[in-house]
Amino acid sequence: MDNVDVTIVGGGPVGLYLAGRLLQNGFSCRILEKRESIDIHSKSLGIHPVSLDLFDRADITLPFLEYGLKIETGLAFFDKKPAGKVSFKSCPPPHSYILAIPQWKTEELLEKWVKSLNSDVLLRGAQVNNIVSSDRKEIVSYSHNGSTYQVSSGFVIGCDGKGSFIRKACNISFEGSSYPDTYVMGDFDDNTGFGKKAAVFLHRDGLVESFPLPNGQRRWVVKSDHFIKNPDKSLLINKIFRRTEHYLGKCENYMLSSFGVQHLLAETFHKNNVLLAGDAAHVVSPIGGQGMNLGWIDAEECLKTLIRVRDNSSEKDFHLDAYTSTQRKAAQQVAKRAEINMRLGRKESANIWTRSGLKFVLNSPFKHLLARIFTMRGLGRWPV
Ligand SMILES: Cc1cc2nc3c(=O)[nH]c(=O)nc-3n(C[C@H](O)[C@H](O)[C@H](O)COP(=O)(O)OP(=O)(O)OC[C@H]3O[C@@H](n4cnc5c(N)ncnc54)[C@H](O)[C@@H]3O)c2cc1C
């Protein structure tokens, strides 16, 4: 049986980041990841400044900056008319921008980093299917190449995503619900002339968001009236044209997908010596682009918690409770911010009162507050 300080279940962006930080701080660990390779399905596109501050601490920012694209400004449109802009340049340095980089690339860079610290830590093709807890040890069983193996550790951290096996095995309830909002999204060659600027169109037929991507591409996220299982390129192009007047018919299309949104929160983020981090602990709406970034904040807090327990094991329960309390609060705040973003994109928000209020904010010093909220600043401190 393998013996390590910490077993991490799930090698997505959160599990990989956590493993790197644990290794840097003298913990031995093992990541068990069921996938044979990185999921290239298009998900997150943005790394927020709060995460880049964490990356600085880990000394891994440079390759992300080399590949990614810095979004320093967001343009707002009411229907097709310019309504104002938000500049992230007013945010605290050095990272006064949101870094656009696809999630698969983020995972690739994190995996490379983890392997550079210890090439044996990540085990792919390892599906976790049992966990047995005792006071001092957690025994995790997994199947790999048709055989079953076990790893024993002082702590297990479930970074195994929304459907988390670890959360379910610990009988931790995951509560929340689906929002009525649904979206279609696609990546196209960029013909807008917006350059590195993001654009948000609050249209009476529903929201359109447009973000620059590396390699001359742009992602479009369009609110739909209902969930469209198999989205069609021409449907997306038509909706974008009607709501923004940008015609993508001649642009190469690289990805099409659709998604609905939920908010889910685990009742606790720890049980015995098991902690949850990332989507295993919370799911927030992708509108606002915060789920993965919040997961990295969890991971950093997990690390601090384990260091405190290593330094003073008699206060273990206190530190684990503090982890749950701090990160549950942060997740609730993030979910609320994402919900505000989503509500603004609904048809019923296209009224004169909402628009006048937003126009006032976008053209007053309050826009700096908006920039801070969009860049995930002030978590744990501010009421929203
Ligand atoms: C359309 C869309 C757009 C998004 N955009 C953004 C954005 O712009 N910004 C942002 O911050 N977030 C965004 N998100 C959210 C982001 O993708 C997630 O929050 C992020 O992937 C969570 O990372 P994770 O590591 O916690 O979980 P996951 O990425 O789900 O990784 C979990 C890993 O655990 C593995 N696993 C699961 N069960 C087992 C098991 N039993 N044994 C072994 N391994 C297992 C899985 O294979 C997987 O690799 C978006 C999501 C979607 C759907």
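This text goes with the structure placed above it.
Residues numbered from 1 in each chain as written. Predicted model: local features only at pLDDT ≥ 70, side-chain atom pairs only at ≥ 80, totals over all residues.

Caption draft 1: Quick look at the overall build of the chain. Scanning the chain from terminus to terminus reveals 10 helices and 19 strands. Expected size for 384 residues packed as a compact globule is a radius of gyration near 21 Å; at 21 Å, the chain falls within 12% of this value. Structurally, the chain occupies a C-alpha span of about 60 × 40 × 40 Å along its principal axes. The buried share among the 384 residues of the chain stands at 45%. (Helix = DSSP H or I, 4+ residues; strand = E, 2+ residues; numbered from the N terminus. Rg over C-alpha atoms; globule rule 2.2 N^0.38 Å. Buried ≥ 20, exposed ≤ 12 C-beta atoms within 10 Å, placed from the backbone.)

Caption draft 2: Structural view of the packing of helix H1 (residues 13-24) against helix H7 (residues 291-311). For the pair H1 and H7, interaxial distance at closest approach is 9 Å and the crossing angle is 30°. Taken as axis vectors, H1 and H7 run roughly parallel relative to one another. In terms of crossing hand, the pair formed by H1 and H7 is right-handed. Facing H1, whose interface residues are Pro-13, Val-14, Tyr-17, Leu-18, Arg-21 and Leu-22, H7 presents Met-292, Gly-295, Trp-296, Asp-298, Ala-299, Glu-300, Cys-302 and Leu-303. (Axes fitted to C-alpha atoms, helices over the stretch in contact; angles between N-to-C directions. Parallel < 35°, antiparallel > 145°, perpendicular 65-115°, else oblique. Left-handed = near helix turned anticlockwise from the far one by under 90°. Contact = placed C-beta atoms within 7 Å.)

Caption draft 3: Summary view of the pairing of strand S14 (residues 208-213). Where burial is concerned, most of S14 is hidden: six out of the six residues are buried. Of the two faces of S14, the one lined by Val-208, Ser-210 and Pro-212 and the one lined by Glu-209, Phe-211 and Leu-213 are each fully buried. With three bridges connecting them, strand S13 (residues 198-202) and S14 associate as antiparallel partners. Its bridge partner being in S14, Val-200 is matched across the sheet by Glu-209. Counted between consecutive antiparallel strands, the loop separating S13 from S14 contains five residues, among which Gly-206 sits at a positive phi close to 125°. Here S14 pairs with strand S15 (residues 217-224) via six bridges, running antiparallel. Counted as the bridge partner of Phe-211 is Arg-219 from S15. (Pairing = 2+ DSSP bridges.)

Caption draft 4: Inspection of the sheet that holds strand S4 (residues 69-71) at higher detail. As summarised here, the arrangement of the three strands in space is S3-S7-S4, forming an open sheet in which the pairing is antiparallel. Two strands in the sheet have a free side with no partner beyond their single neighbour: strand S3 (46-47) and S4. Pairing between S3 and strand S7 (residues 98-100): two bridges, direction antiparallel. The residue bridging Ile-47 from the neighbouring strand is Leu-99, located in S7.

By themselves, these figures tell us nothing about what the structure is for.
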